[in-house]
Amino acid sequence: MEAAVVRYHRPDYIETDTGNKVCRKSAIFGSQNIVLGGKTIIQNNVVVRGDLRRAGAGHAVAIAIGKFCNLCPGVIVRPPYKTYKGVFSDHVLIEEGSIVEAASIGSYVHIGKDCIIGRFVMIKDCVRILDGAVVPPNTVIPPFSIVGGNLATVVGEWTDAAQEVMEDVTTRFYNQGFVG
Amino acid sequence: MAGQSNVVCANVQITGACVELGMGNVFQPLVRIIQADGAGAIIIGNNNIFEEQVTIFNSSANEMHIGDNNLFNSGCALLGDESQVGDGCIIGPRCTIAARRRVPANSIIFGQEHTARAQSPATPAAQAVHIKHVEYLREVLPKYHTST
C-alpha cells in the first residue's frame with residue numbers, strides 16, 4: 001500500500017484555494033457541474049465528465065468528489081447515464097486506467113488498476129477493489145469487502161483497520177508523496 | 001430521425017480521406033477514428049454512440065462497416081482488417097474487436113476474452129430508449145463542447 005513518491009511538473013498543475021491539484025493535461029468537461037471537496041488530486045489524462053448532467057433548468061451536480069481523493073493517470077470518471085449523479089466520498093484512491101461509472105462510492109475505498117466499475121454500482125465504505133476487476137452494472141458492494149475478478153465477486157474481507165490505512169495512505173500521498 | 005446531424009466534440013480525431021458518417025451519430029470527447037494511408041473506407045451508419053477514448057482504426061485495404069444504433073462504451077477499440085459491426089450492438093468498456101472479426105447484429109461484447117453474446121433483437125421500447133439517449137446527448141453535448 002505504500003505509494004511511491006510521484007514527482008509532478010508544477011506548471012502543469014492548477015492548485016485551488018481548497019488544495020485541489022488538477023492537472024492541465026486532464027480532460028475535464030462541464031466543470032460547473034463538478035464539485036471537488038478539497039485536497040483532491042486529479043492527475044494527467046484523467047477524464048471527468050461533468051457535461052453528462054440531467055437536462056433542464058437549474059444547477060445540477062453531475063460528479064461530486066470528496067476530500068483527499070486521488071485519481072491516477074488515465075482514469076475515466078463519468079456519471080451513470082444522465083439521470084443520476086456520481087458521488088464519491090473522502091479518501092478514495094483510484095489507480096491507473098480504471099473506468100468508473102458508479103452511482104456512489106463510500107469513504108476509504110481503494111480501486112486498483114484497470115478496473116471497470118459499471119453503471120449505477122454502489123460501493124460502500126472501506127472496500128478494496130483488486131486490479132483488473134470488472135464490477136457489473138447495478139451491483140452493491142458491502143462494506144469491508146475485497147472484490148476481484150471478471151466479473152467481480154467478493155473474494156475476502158478487508159482489515160478492520162481499513163479506515164486508518166486509507167486515511168493514512170491518502171493524506172500521506174497528498175502531503176508528502178506528490179511533490180513538484 | 002432522418003436528417004439529424006452528427007455531434008462531434010472538439011477533441012475528437014477523425015482522420016482519413018474516406019470516412020463516411022451516417023446521420024445522428026454522437027462522438028463524445030477523445031474518440032479517434034483513423035483511416036490509415038491507402039486503407040479502405042470506414043463507413044459508419046446512423047445513431048451510434050461513441051463514448052470517450054473509443055478507437056476505430058482501419059489499416060487494411062478493405063472497407064470497414066459499422067451499422068446502426070450501436071453503443072461503443074468507454075475505451076473500446078475496433079481494429080481494422082475486415083472487422084465489422086452490425087446493428088444494435090453494445091461493445092463493453094475496454095473491449096477490443098480484433099482484425100477479421102465480424103460482430104453480428106444485436107451482439108454484446110464483454111469480458112476479458114471479448115466474448116460475444118447475442119441479445120434478443122431490440123424491441124421497439126429498447127430502441128426508443130437508445131434513440132432517446134442519442135437525442136439527449138445531441139442536445140446536451142454541444143452546450144459544453146464546441147462541436148464541429
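Per an unreviewed UniProt entry, chain B is named Dynactin subunit 6, and its organism is Polyrhizophydium stewartii. The Function (unreviewed entry) comment attached to chain B in UniProt states, word for word, "Part of the dynactin complex that activates the molecular motor dynein for ultra-processive transport along microtubules." Under the Subcellular location (unreviewed entry) heading, UniProt states for chain B: "Cytoplasm, Cytoskeleton".

You'll find chain A entered in an unreviewed UniProt entry as Dynactin subunit 5, with Polyrhizophydium stewartii given as the organism. Under the heading Subcellular location (unreviewed entry), UniProt records this for chain A: "Cytoplasm, Cytoskeleton".

A. Quick peek at the sheet that holds strand S14 (residues 96–97) of chain B. Residues and elements named next belong to chain B. A sheet is described by the order of its strands in space; here five strands give the open sequence S2-S5-S8-S11-S14, paired in parallel fashion. The sheet is open, and its two borders are formed by strand S2 (13–15) and S14, each paired with just one other strand. Pairing of strand S5 (residues 32–35) with strand S8 (residues 55–58), which is carried by four bridges, proceeds in the parallel orientation. Bridge pairing links Ile 34 to Phe 57 in S8.

B. Structural context of the interface of chain A and chain B. With 24 residues of chain A at the interface, the matching set in chain B holds 22 residues. Summed over the shared surface of chain A and chain B, the result is four salt bridges. The salt bridge involving B:Glu52 is made with A:Arg49; its shortest N-O contact spans 3.3 Å. On inspection of chain A and its partner chain B, the count reaches nine residue pairs in polar contact (both at pLDDT 80 or more).

C. Structural detail: the packing of aromatic side chains. Counted under the stated rule, the structure contains seven aromatic pairs over all chains. On the basis of an interplanar angle of 15 degrees and a centroid distance of 4.4 Å, the ring pair of A:Tyr8 and A:Phe178 is categorised as stacked. Residue A:Tyr8 is located in the loop between strand S1 (6–7) and strand S2 (13–15), and its partner A:Phe178 is located in strand S23 (residues 178–179); the two are separated by 170 residues in the primary sequence. Residue classification places A:Tyr8 among the buried residues on the basis of a relative accessible area of 10%. For the ring pair B:Phe50 and B:Phe72, a centre distance of 4.7 Å and an interplane angle of 5 degrees mean the geometry is stacked. Taken together, the residues B:Phe50 in strand S7 (residues 49–50) and B:Phe72 in strand S10 (residues 71–72) connect sequence positions 22 residues apart. Residue class for B:Phe72 comes out buried when judged on its relative accessible area of 1%. Above the plane of the ring of A:Tyr174 lies A:Lys21, whose end atom (NZ or CZ) is 4.8 Å from the centre.

Conventions adopted
Residues numbered from 1 in each chain as written. Chains lettered and ligands numbered in written order. Predicted model: local features only at pLDDT ≥ 70, side-chain atom pairs only at ≥ 80, totals over all residues. Heavy atoms only, no water. UniProt positions renumbered as here; feature names shortened; annotations may be inferred. Pairing = 2+ DSSP bridges. Helix = DSSP H or I, 4+ residues; strand = E, 2+ residues; numbered from the N terminus. Contact = heavy atoms within 4.5 Å. Salt bridge = Lys/Arg side-chain N within 4 Å of Asp/Glu carboxyl O. Polar contact = N/O pair within 3.5 Å; in protein donor to acceptor, adjacent residues only side chain to side chain. Phe/Tyr/Trp six-rings, centres within 6.5 Å; stacked < 30°, edge-to-face > 60°. Buried < 20%, exposed > 50% of the residue type's maximum accessible area, 1.4 Å probe, protein only. Lys NZ or Arg CZ within 6 Å of the ring centre and 35° of its normal.

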